[in-house]
Amino acid sequence: MEQASRLAGTVRPGGRTARVRAAVLEATQDILVEYGFHGLTMDQVAARAGVGKTTVYRRWGSTPGLVADLMKELANQSSPHADTGDVERDLLANAVSVWEAVTDGRLGATLQAVIAAGTCDEEAADALRVFFTRRIDEWATVVDLAVKRGELPEGTDGGELIRAISAPLYYRLVVTREPVTRGDAERSVSRGLAAARAGAFVPDP
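As the structure is a computational prediction, the values presented were derived from the model and not from experiment. (Residues numbered from 1 in each chain as written. Predicted model: local features only at pLDDT ≥ 70, side-chain atom pairs only at ≥ 80, totals over all residues. Heavy atoms only, no water.)

Engineer: Honestly, the overall build of the protein in this entry has me stumped. Any pointers?
Structural biologist: In terms of helices and strands, the protein carries nine helices and zero strands. The globule rule puts the C-alpha radius of gyration for 205 residues at 17 Å, and the 18 Å found for the protein is close to it. Considered along the principal axes of its C-alpha atoms, the protein spans approximately 55 × 35 × 30 Å. Counting every position in the protein, which comprises 205 residues, the buried fraction comes to 47%. In the protein, the proportion of contacts linking residues at least 24 apart, taken out of those at least 6 apart, comes to 68%. In the form shown here, the protein has an accessible surface area of approximately 9800 Å², with 51% of it arising from carbon and sulfur atoms. Of note, the protein has its 24 positive side-chain charges centred 7 Å away from the centre of its 28 negative side-chain charges. (Helix = DSSP H or I, 4+ residues; strand = E, 2+ residues; numbered from the N terminus. Rg over C-alpha atoms; globule rule 2.2 N^0.38 Å. Buried < 20%, exposed > 50% of the residue type's maximum accessible area, 1.4 Å probe, protein only. Contact = heavy atoms within 4.5 Å. Areas by Shrake-Rupley, 256 points an atom, 1.4 Å probe, with all protein chains shown as cover. Lys, Arg positive; Asp, Glu negative; His and termini not counted. Charge placed at Lys NZ, Arg CZ, Asp CG, Glu CD.)

Engineer: Please clarify how the nonpolar core should be interpreted in this entry.
Structural biologist: Buried together is how nonpolar side chains tend to be arranged in soluble globular proteins. Among the nonpolar cores identified, the biggest contains 58 residues, and V24, M71, L91 and L152 are the most heavily contacted of them. At 10 residues, helix α7 (residues 122-148) tops the list of elements feeding residues into this core. Formed jointly, this core draws a minimum of three residues from each of two domains, domain 1 (16-69) and domain 2 (74-198). Once residues lying within four places of it in the same chain are set aside, the contact partners of L91 are V142, V143, L161, I162, I165, V189 and L193. (Core = buried A, V, L, I, M, F, W, Y, C linked by side-chain atoms within 4.5 Å. Domains from an automatic or database assignment.)

Engineer: I keep staring at the environment of H38 and nothing clicks. Help me out?
Structural biologist: Within the secondary structure, H38 is located in the loop between α1 (16-35) and α2 (42-49). Using a relative accessible area of 68% as the deciding quantity, one classes H38 as exposed. In this structure, the C-alpha to C-alpha distance between H38 and R163, residues 125 residues apart in sequence, is 28 Å.

Engineer: Before we go on, may I ask you to explain the UniProt feature "DNA-binding region" (unreviewed entry) in the protein in this structure?
Structural biologist: Annotation from UniProt places "DNA-binding region" (unreviewed entry) at residues 41-60. Counting secondary structure, residues 41-60 comes out at 80% helix and 0% strand; the distance between its end C-alpha atoms is 12 Å. (UniProt positions renumbered as here; feature names shortened; annotations may be inferred.)

Engineer: In this structure, what is going on with the packing of aromatic side chains? I would like to understand it.
Structural biologist: Aromatic rings considered in pairs are described by the distance between their centres and by the relative angle of their planes. The full count for this structure, using the stated rule, is two aromatic pairs. Between the aromatic rings of F131 and F132, the centroid separation amounts to 5.0 Å while the plane-to-plane angle is 80 degrees, which identifies the pairing as edge-to-face. Ring centres of F132 and Y170 lie 5.3 Å apart, and the angle between their planes is 85 degrees; on these two criteria the pair is classed as edge-to-face. Of this pair, F132 sits in helix α7 while Y170 sits in helix α8 (residues 158-174), and the two are 38 residues apart along the sequence. Judged by relative accessible area, Y170 falls into the buried class, the value being 12%. A network of ring pairs unites the aromatic residues F131, F132 and Y170 as a single cluster. (Phe/Tyr/Trp six-rings, centres within 6.5 Å; stacked < 30°, edge-to-face > 60°.)

Engineer: What is the right way to look at the packing of α2 against helix α3 (residues 53-60) in this model?
Structural biologist: Helix packing for two helices is described by the angle between their axes and how far apart those axes are. At a minimum axis separation of 8 Å, α2 and α3 run at an interaxial angle of 120 degrees. Taken together, the axes of α2 and α3 are oblique relative to one another. At the point where α2 passes α3, the crossing takes the right-handed sense. Residue-level inspection shows M42, D43 and A46 of α2 in contact with α3, the latter providing K53, V56, Y57 and W60. The residue inventory of the contact of α2 with α3, partitioned by class, reads five nonpolar, no polar and two charged. (Axes fitted to C-alpha atoms, helices over the stretch in contact; angles between N-to-C directions. Parallel < 35°, antiparallel > 145°, perpendicular 65-115°, else oblique. Left-handed = near helix turned anticlockwise from the far one by under 90°. Nonpolar A, V, L, I, M, F, W, Y, C, P; charged D, E, K, R; others polar.)

Set out below in structure tokens:
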């Protein structure tokens, strides 16, 4: 899930509509980082983005609408899956990208704010679900390729393996609030891969 900590859209290419969207999403992310989801207001976003409140309300409708569009943009900017020809290196690339994301001061704070929002707001939860489904589906491809190369058992569920590797990192980020290290990412890959090789991610017939 690697991407720049500040939205690439801050360059604001394209016409006025694209520039307005980039400014609004940047402002949305700024406020999420500074104040969290419950500190996010439409009026504050409009003021910080330098656009009319009417424009923000008409296009995004609500703060969850802003969050949903922000998460869509972050997913669009995320890196594609690795394809080194070796499943361990590919899975490590995934785990390291997650580690880099959650430890980035801006992006990590954004994820924490939206995850917290998802516990009490259904639209925010939907935005998170769409975001993570896209990232899991992208990286599950490395597992499918590994199965074809004979590195993992036939029928290994790539999505479940990716979830199992990422989950300990997010647990440290948002539940126990412990530091997340590259070593944590490496250990998560080692454990997940050992389980996968033993058939733990092959669904029961």
